[in-house]
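Structural overview
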Amino acid sequence: MTKVYFKAINSYSKTNEINAAAVHLLQTIEVKESVELNRFIPLKVHLGEKGNKTFIEPKNFEGIIDYLTERNIDTAFIETNVLYKGQRNTIKNHLRVAKEHGFTKIPVVIADGEVGEDYELVEIKKKHFDRCKIAGAIAKEKQIIVLSHFKGHALAGFGGAIKQLAMGCASKGGKLDQHANSIPKISRLKCKSCNTCAAKCPESAIIVDTKAKIDKNKCVGCASCMAICPYGAISNSWLASLTKSFNERLAEYAYAASKGKNNIYISFAFNITKNCDCEGHPMEPVAKDIGIFASTDPVAIDQACLDILDKNEGRIVFKRGRSTLEYAASIGLGSREYELIEL
Ligand code: SF4
Ligand code: SF4
């Protein structure tokens, strides 16, 4: 049975105790699960939107970085651009936030290019997608340590390892696909006919006459235009994200992002907020801190986080999004059955 390793921490735990716990978990996965570490392993993180105060701060990853460095293993933080307008929608903006949030100990790689143009199509042949747009610098790696913050999420219900793989490793166009609307829409009201989008579109799919218009036959849904319109005139519809198939599309993208990789998943279940680290404002936790989980299975680790959270709180904390786990297990991403081993 899949094993999930766990180390409890609480709100009084000091940073050095958190680091020691994370390293202990990594070592345990390496030895007990016989995971060979590559010579270069990126650390998939969420850098936290500007103004967010509850993302997992990089000081909590220093133990893992030191452990890899001592083993002569190179590493870097890796992340992708977001779809929506914010402080992390281009490499330049993203690196500024990374610096402000203290991600300076190792290089930061924004994996899908300046505005999401760098991706590889990973074939999966599942119900919703034949191929998924995975960020170029992630698709080429054979191993990633996926460092997730377990917490709630406005659309997905909750966010952990699967969410970190699915949205976190997809290019902008891949994120757009998961929101079920691979062709952006342009607001005629907001468009100022400046031509910026047309000049940048890799498929020459935008024609600017009196207003910009997308040729649906040419558009490949890369979403680059959404990031660069200076007037915020290009967007997607979030409505389709409120359907059950959104959870299935997440699971399929997580499958694509981890396909062929010897990944290690480490999830930090503290600062458990109702919404995710993309929210650019402070939030209060909605549950007590739990600890750190580690596994080689993204489904098992998310299931374990949810189970222990509910057990600790005596209630179902995050009600929505559980169908993601059922569907993820059904397509072979991992197992909902697990053995929890407390260290
Ligand atoms: S970049 Fe924005 S404002 Fe400029 S033409 Fe394109 S849609 Fe219109
Ligand atoms: S119109 Fe389509 S192909 Fe062109 S930049 Fe926008 S999403 Fe990409």
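Summarised in this report is the structure supplied together with it. (Residues numbered from 1 in each chain as written. Chains lettered and ligands numbered in written order. Predicted model: local features only at pLDDT ≥ 70, side-chain atom pairs only at ≥ 80, totals over all residues. Heavy atoms only, no water.)

**Examining the environment of C219**
Using the following cut-off: Secondary structure elements are taken from DSSP: a helix is a run of H or I of four residues or more, a strand is a run of E of two residues or more, and numbering for both begins at the N terminus. Partly exposed describes any residue whose relative accessible area lies between the buried limit of under 20% and the exposed limit of over 50%, with all areas from a 1.4 Å probe on protein chains only and scaled to the type maximum.
Here C219 shows up in the loop between β12 (212-214) and α8 (224-228). With relative accessibility at 18%, the residue C219 sits in the buried group. For the pair C219 and K133, spaced 86 residues apart in sequence, the C-alpha separation works out to 14 Å.

**Let's talk about empty space enclosed by the protein**
Here is the rule we go by: Here a cavity is any set of points on a 1 Å grid over the protein atoms alone where a 1.4 Å probe fits but cannot get out, and a pocket is any open set with protein on both sides within 12 Å along at least 5 of 7 lines; a residue lines the site when it has an atom within 4 Å of a point. Grid points are joined across faces, edges and corners, and a volume is the space filled by probe spheres set on the points. Any residue that is not Ala, Val, Leu, Ile, Met, Phe, Trp, Tyr, Cys, Pro, Asp, Glu, Lys or Arg is counted as polar, Gly included; the first ten are nonpolar and the last four charged.
Evaluation of the coordinates by the stated rule reveals four cavities of 30 Å³ or more. The volume enclosed by the largest cavity comes to roughly 100 Å³. Lining of the largest cavity is provided by 14 residues; of these, C201, P202, C219, C222 and C225 occupy positions nearest its centre. In terms of residue class, the lining of the largest cavity is made up of eleven nonpolar, two polar and one charged. In terms of lining, the second largest cavity is formed by 13 residues, of which the most central are C191, C194, C197, A212 and C229. Considered class by class, the residues forming the lining of the second largest cavity number ten nonpolar, two polar and one charged.

**Here's the deal with the site of ligand 2**
Short version of the rule: Throughout this document, a residue counts as near a molecule or strand when at least one of its heavy atoms sits within 4 Å of that molecule or strand. A pocket or cavity is taken to hold a molecule when more than half of that molecule's atoms are within 2 Å of the pocket's grid points.
Taken together, the neighbourhood of ligand 2 is formed by P184, C201, P202, E203, I206, I214, C219, V220, G221, C222, A223 and C225. The cavity that encloses ligand 2 is the largest cavity. Taken together, the residues that form the shell around ligand 2 break down as ten nonpolar, one polar and one charged.

**A closer look at the site of ligand 1**
If you check the shell around ligand 1, you find 13 residues, and the closest are C191, K192, C194, C197 and C229. In this structure the site holding ligand 1 corresponds to the second largest cavity. Of the residues that constitute the shell around ligand 1, the class distribution is nine nonpolar, three polar and one charged.

Interpretation note: all reported values are geometric properties and have no functional meaning in isolation.
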